[in-house]
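Structural description and commentary
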Amino acid sequence: MEKTPLWSALNRFADTEPLRMAMPGHKGKEIPGLPPGLARLDWTELPPTGDLYEAGGPIEEAELAWARFWGADSCLFLTGGATQGVHTMLRLADCRSILVDRVSHRSVHTGLALLGMEPVWLPRPWLEDAGVTGPVEPEAGEQMLEKHPECGAVCVTSPTYYGVCSDLTAIGAVCRRRGVKLLVDGAHGAHLFLLAAGENPYAAADLVTVSAHKTLAAPGQSALLFGQGVSMDQLRQASLLFATSSPSYPMMAALDALRPWLAAEGARAYQRTAAVVRALRGRYPALTEGDAALDPTRLTLCVADGYRVEAELQRRNLWPEMADRGHVVCILTGSDTEEEIRRAGLVMGQMTDRPEIDLRGLADACAELGNSFWKDLEFSSGSAKASIGGRR
């Protein structure tokens, strides 16, 4: 089997210089304002290119390769982001009432509205010292299912924006005892299986959707939906209600090309990123494992005025993911380089004279991460570079 069945099939077809009398309108020529070569991978549904919503062909082959890599029975490529995956999961829940994590993305709320489902809200504990909600408590889930036997599934978010992870194995055990499905919005956790010492942390979920574009080297809107005990055809058919009929071939090809790089380099790259974040957490007030189980690569700074810190960082051309009154959230991934980490430290070091946004220690921590820390990690090998267009 080819390492990149879809990416390779699209390039092979382009090499034949076919006379394009079908969509898309650029006909494989350069698209004004976009990088050269992108149009080469952009197609519509043809026998050589496959169809996302039909069995067989290079797309399904690429999806099944991802399913094996993840440890799932099935996988669907998503070009509408994790929102498309969340809506599909809710449709596959096949129930009227559902127990829903109170800390949910708006896609959960819109999915409930579109499908006419009735949520029963599952509360989370508030971590007073950390200023964020804690993980979903399995015991609370069991109590709520006992109280609301009409719920046919449980939908939780893990990790949260702040990096808080719930014990999905324990929650899954509760769901199995109660005979209900576990759906997980893992939009921010596409990388976590690379850091797991043993089993994939999402193994207990019947369905999980992850945003490849949030924490992996993948283009915006690209995401993945995985199923356990759910067939490929069930994923495809359920998704049709919410999906575009013109999925992006460059997005799908990027997901296909990403996988072999992750298999070869992903664990090392994300372990290094986790070590960087661990060092930064130890030198500056931030959420730590002492507060809750966390995504090892998520840096959530604890500050006196999060919005002001965010604005000051943006003014210096450092752009965090988000802020609230007491936090600034930075997403670090396997694509962050030593130079970029050092640069972040220098920017933050410029702010140490501002008492309300004091970041002392963070610049020193970045500076201490010297060459020896990174020297054994190469962000792209020759073969990986060829497969994923030179992205780290």
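The written sequence of each chain sets the order in which its residues are numbered from 1. Restriction of local features to residues with pLDDT of at least 70 applies here, the model being predicted, together with a cutoff of 80 or more for giving and counting side-chain atom pairs; totals for whole chains, interfaces and linings are based on all residues. Side-chain measures were taken over the full set of non-hydrogen atoms in the model, leaving aside hydrogen atoms and water.

1. Brief notes about the sheet that holds strand E1 (residues 74–78)
Strand order in the open sheet made by the 7 strands is E1-E9-E8-E7-E6-E2-E3, with mixed pairing throughout. Two strands close off the open sheet at either side, each with one partner strand: E1 and strand E3 (118–122). Going from strand to strand, the sheet's axes swing by 20 degrees on average, the running direction of each strand aside. Strands pair, by our definition, only if DSSP identifies at least two bridges between them. In this text, helices come from DSSP runs of H or I with a minimum length of four residues, and strands from runs of E with a minimum of two, each type numbered from the N-terminal end. In this sheet, strand E7 (residues 181–185) lies alongside strand E6 (residues 151–157) in parallel orientation, the contact comprising 5 bridges. The axes used here are C-alpha line fits, helices contributing only the stretch in contact, and every angle between their N-to-C directions lies in the interval 0 to 180 degrees.

2. A few points about the pairing of strand E10 (residues 298–302)
Three exposure classes are used, based on accessible area relative to the maximum for each residue type with a 1.4 Å probe and protein chains only: buried under 20%, partly exposed in between, and exposed over 50%. The element E10 is largely enclosed, with a buried count of 4 among its 5 residues. Pairing analysis gives 5 bridges linking E10 to strand E12 (residues 327–331), with the strands arranged antiparallel. For Leu301, the partnering residue across the bridge sits in E12 and is Val328.

3. Observations regarding the environment of His26
For His26, the location among the structural elements is in the loop between helix H1 (5–15) and helix H2 (57–70). Taking the C-alpha atoms as reference points, His26 and Trp43, 17 residues apart in sequence, are found 9.8 Å from one another.

4. Re the sheet that holds E10
The antiparallel open sheet is built from 3 strands, whose spatial order is E10-E12-E11. Two strands in the sheet have a free side with no partner beyond their single neighbour: E10 and strand E11 (322–323). The strands that helix H11 (residues 306–315) touches are E11 and E12; relative to E12, the one it contacts most, it runs at about 45 degrees. In this analysis, two residues are considered to be in contact whenever any of their non-hydrogen atoms come within 4.5 Å of each other.

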